[in-house]
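Structure assessment
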Amino acid sequence: MNSQSKYVIGVDYGTDSCRAIIADVKTGEEVSAAISYYPRWKEGKYCDPLKNQYRQHPLDYIETLEAVIKEALSVLSDDIKNRITGISFDMTCCTPALTDINGTPLALLEEYKDNPNAMFILWKDHTSIKEAGEINTLAKKWHTDYTKYEGGIYSSEWVWAKVLHVLRNDSRLSDKAYSWVEHIDWIPALITGNTLPEKVIRSRCAAGHKAMWHESWGGLPDDEFLTTLSPLLKGFRDHLYTETFTSDTLVGYLTEEWANRLGLTTNVAVGVAAIDCHVGAVGAEIKTGSFVKVIGTSTCDIMAVPYEQIDGKLISGICGQVDGSVISGAIGLEAGQSAFGDLYAWYKDLLAWPIKKLIPKSDLLSDDIKEKLISELQSQILSELTVEAEKISIEDSSVIATDWLNGRRTPDANQSLKGTLTGLTLGTSAPMIFRALVEATAFGSKAIIERFIENEIEIKEVIAIGGISQKSPFVMQILADVLNMPIKVAKSEQTCALGAAMNAAVVAGEYSNVRDAQKAMGKGYVREYYPNRENHDKYSDLYNRYKKIGKKII
């Protein structure tokens, strides 16, 4: 390591865990990393999958932040620790929580500490489908369609629907509910000591894509719109914000308390955070024409498009078009699928049901052997399914699935949709169904790309990041064949955290803009998948059948 190097921290808050990397600002070299899993979430607390309810306690975020920073620092010398100049974050989104007048999430107050409605509402929580529908209906009648820069359809995954739902369904919150805060905005505010709702520095990325913020109508939807939607929202707009800021903006510096808690100095600059997929696109070295596909439990598809290419267009059915949400000086476009890896995880758990239920009842094995056997079998399910699914020809892939087990994010959000399997026979095998699920996730991806192309958005390259892109050649090759496009896989295994580190380097003054940070700190690509034209032609027929099935069930 160069003795003159400076370092920055990128923190990636995912669905299940918090990750941090410490990187050299000159080269992007990762000198240390750590991961910590949310303890309450890991236990399944505060969630009810049958109701599509997914909540996370703010203490999970606080505790894992402390854990990952301390662990990452533990292997470094004091000299390096003292040369850490910045920290920036990315988070899953939309993940809001109600706050009191001081900006404290209600779940941190004693009277609400075990109340799921007082906690952060995770992006995948779909309990507010009814409220999202009401927002869409009202917006189309209003003098201003506040959804028009968010694809024209407001989703139950987004903030106003979620906030209204918990207020309606839990009158106990009304005594203290004063405002709301995105997880994206709360953590930087917390560690810089400025959580007052009216003064929190708010992310342009989260506000524009999820909260119906746009500068052309003065920020958030007007109070009349919100109170017409529900009197429960009266006053909230006054307790929120008008301005928003891009991720190259300084929030402040670590307070003495948080510097001590994290083992850093008060000279560490803290940047405006952004949505994980947008920051991941930065880490993947997004440029004009790049279509960055962030593949995990769900997917997010990100582009940063020049102003002249948008030229007044409103792209329907996506998750928004926001100036500066990815990189300053370009319009950020977002789309995605509500479930991708989650489909495979669901199928794995389905097949594992007898393993988990029957082996513990066996009298033939010791408790220790039972536990080891269950763990071993569960860990092998997806890999064995992959081996067998690869042997199935496209012609024999008679099962067709739709990928909406968690609703549809894009194109044209509809979280009430359900997944389907068609073409089942008594000869259908488990690997056939698995292959159909993989193909369905690829078909869903193709539908999104078609929406961009229909709107004359130029796609020059596809870049994939996330665990599946690194670990499953089977999934990635099918995706390339269906899209009929080469797919480059980003080399960094922590691309979102790397993007956050790039933003931190700009905020700390090490680079004047994100493009320069990308050039210096980018890690390139580890492999590229090329489409098989013959396979693509065969998939075209299956894709058309997928679309026809979708039309019948909507």
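Residues numbered from 1 in each chain as written. Predicted model: local features only at pLDDT ≥ 70, side-chain atom pairs only at ≥ 80, totals over all residues. Heavy atoms only, no water.

**Side note on the UniProt feature "domain: Carbohydrate kinase FGGY N-terminal" (unreviewed entry) in the chain**
- With numbering matched to this structure, UniProt assigns "domain: Carbohydrate kinase FGGY N-terminal" (unreviewed entry) to residues 7–283.
- What you have in residues 7–283 is 32% helix and 19% strand, and the ends, taken at the C-alpha atoms, are 16 Å apart. (UniProt positions renumbered as here; feature names shortened; annotations may be inferred. Helix = DSSP H or I, 4+ residues; strand = E, 2+ residues; numbered from the N terminus.)

**Here's the deal with a nonpolar patch on the surface**
- A grouping of Trp 346, Leu 350 and Leu 405 is seen on the molecular surface, where their side chains present a nonpolar patch of about 260 Å² in accessible area.
- Its location among the elements puts Leu 350 in helix α12 (residues 341–358). (Patch = residues over 30% accessible without salt bridge, like charges linked within 9 Å, V, L, I, M, F, W, Y side chains within 5 Å. Areas by Shrake-Rupley, 256 points an atom, 1.4 Å probe, with all protein chains shown as cover. Salt bridge = Lys/Arg side-chain N within 4 Å of Asp/Glu carboxyl O.)

**Digging into the sheet that holds strand β18 (residues 461–465)**
- Read from one edge of the open sheet, seven strands run β14-β15-β13-β12-β18-β19-β20, paired in mixed fashion. A strand with exactly one partner marks an edge of an open sheet, and here the two such strands are β14 (321–323) and β20 (525–529). Neighbour-to-neighbour, the strand axes of this sheet turn through a mean angle of 25°, independent of strand direction. (Pairing = 2+ DSSP bridges. Axes fitted to C-alpha atoms, helices over the stretch in contact; angles between N-to-C directions.)

**Quick look at the layout of surface pockets**
- There is about 340 Å³ of room inside the second largest pocket.
- Together, 18 residues line the second largest pocket, and Arg 408, Pro 411, Ala 447, Tyr 543 and Lys 547 are the ones closest to its centre.
- Residue assignment for the lining of the second largest pocket shows that the elements contributing at least two residues are α14 (430–454) and α19 (533–553).
- Residues that form the lining of the second largest pocket fall into these classes: six nonpolar, four polar and eight charged. (1 Å grid on protein atoms, 1.4 Å probe; cavity = no way out; pocket = protein on both sides within 12 Å on 5 of 7 lines; lining within 4 Å. Points joined across faces, edges and corners; volume = space filled by probe spheres on them. Nonpolar A, V, L, I, M, F, W, Y, C, P; charged D, E, K, R; others polar.)

**Quick word on α12**
- Along its 18 residues, α12 runs 26 Å from first to last C-alpha, staying within 8% of the 26 Å computed at 1.5 Å per residue.
- The largest bend in α12 amounts to roughly 45° and is located at Ala 352, with the proline Pro 354 lying one to four residues further along.
- Those residues of α12 that sit buried are Gly 341, Asp 342, Leu 343, Tyr 344, Tyr 347, Ala 352 and Ile 355. (Expected span 1.5 Å × (residues − 1). Bend = angle between axes of the 7 residues up to and from the residue. Buried < 20%, exposed > 50% of the residue type's maximum accessible area, 1.4 Å probe, protein only.)

**What about helix α6 (residues 183–192)?**
- Within α6, 10 of the 10 residues are buried, which leaves it mostly tucked inside the rest of the structure.
- Looking only at α6, the buried set comprises His 183, Ile 184, Asp 185, Trp 186, Ile 187, Pro 188, Ala 189, Leu 190, Ile 191 and Thr 192.
- Once α6 finishes, Gly 193 follows within two positions and takes phi at roughly 80°, a positive value.

**So, the environment of Leu 233**
- Within the secondary structure layout, Leu 233 lies in the loop between α8 (223–229) and β9 (250–253).
- For the pair Leu 233 and Tyr 511, spaced 278 residues apart in sequence, the C-alpha to C-alpha distance is 41 Å.

**Some words on the packing of α12 against α14**
- Relative orientation of the contacting elements α12 and α14 amounts to 165°, with a least axis distance of 10 Å. On the basis of their axis angle, the class for α12 and α14 is roughly antiparallel. α14 is crossed by α12, and the crossing has right-handed handedness. Here Leu 343, Tyr 344, Trp 346, Tyr 347 and Leu 351 of α12 come into contact with α14, specifically with Ala 430, Ile 433, Phe 434, Leu 437, Val 438 and Thr 441.
- Taken together, the residues of the contact of α12 with α14 break down into 10 nonpolar, one polar and no charged. (Parallel < 35°, antiparallel > 145°, perpendicular 65-115°, else oblique. Left-handed = near helix turned anticlockwise from the far one by under 90°. Contact = heavy atoms within 4.5 Å.)

**With respect to the nonpolar core**
- One finds Ile 69, Phe 89 and Trp 160 to be the most contacted residues of the largest nonpolar core, which totals 124 residues.
- With nine residues, the single largest contributor to this core is helix α17 (residues 495–507).
- Setting aside anything within four residues of it in sequence, one finds Trp 160 in contact with Ile 135, Tyr 154, Trp 180, Ala 211, Met 212, Leu 220, Pro 221, Leu 226, Leu 233, Phe 236 and Leu 240.
- In this structure, Phe 340, Ile 468, Ile 478 and Tyr 546 belong to the second largest nonpolar core, which totals 62 residues. (Core = buried A, V, L, I, M, F, W, Y, C linked by side-chain atoms within 4.5 Å.)

**A closer look at the pairing of strand β8 (residues 179–182)**
- Of the two faces of β8, the one carrying Ser 179 and Val 181 and the one carrying Trp 180 and Glu 182 are both buried.
- Of the strand pairs in this sheet, strand β6 (residues 96–99) and β8 are connected by four bridges, and their pairing is antiparallel. Pairing of Thr 99 across the sheet is with Ser 179, part of β8.

**Focus on the packing of α14 against helix α16 (residues 473–483)**
- Close contact between α14 and α16 brings their axes to 9 Å; oriented N to C, the two are set at 45°. With respect to their mutual orientation, α14 and α16 come out oblique. Crossing geometry of α14 relative to α16 is assigned as right-handed. Counting all contacts with α14, which are made through Phe 434, Arg 435, Val 438, Glu 439, Ala 442, Phe 443, Ser 445, Lys 446 and Ile 449, the residues of α16 involved are Phe 474, Val 475, Ile 478, Leu 479, Val 482 and Leu 483.

**A word on the environment of Phe 340**
- Tracing the sequence through the fold places Phe 340 in the loop between β15 (331–337) and α12.
- The exposure class assigned to Phe 340 is buried, which follows from its relative accessible area of 0%.
- For the pair formed by Phe 340 and Lys 391, sequence separation is 51 residues and the distance between their alpha carbons is 22 Å.
- Contacts of Phe 340, omitting those with residues within four sequence positions, involve Ile 295, Gly 296, Thr 297, Ser 298, Thr 299, Thr 441, Ser 445, Ile 468 and Val 475.

**Remarks on the pattern of salt bridges**
- Tallied over the full model, the rule gives 35 salt bridges.
- Arg 83 is the salt-bridge partner of Asp 79, the closest N and O atoms lying 2.4 Å from each other.
- When its relative accessible area of 44% is taken as the criterion, Asp 79 is described as partly exposed.
- Where Arg 409 meets Glu 157, a salt bridge forms, and the shortest distance between an N and an O atom there is 3.0 Å. Within this pair, whereas Arg 409 is found in the loop between β16 (400–402) and β17 (420–422), its partner Glu 157 is found in the loop between α4 (129–141) and α5 (159–169), the two being separated by 252 residues in sequence.
- Given the relative accessible area of 3%, Glu 157 is considered buried.

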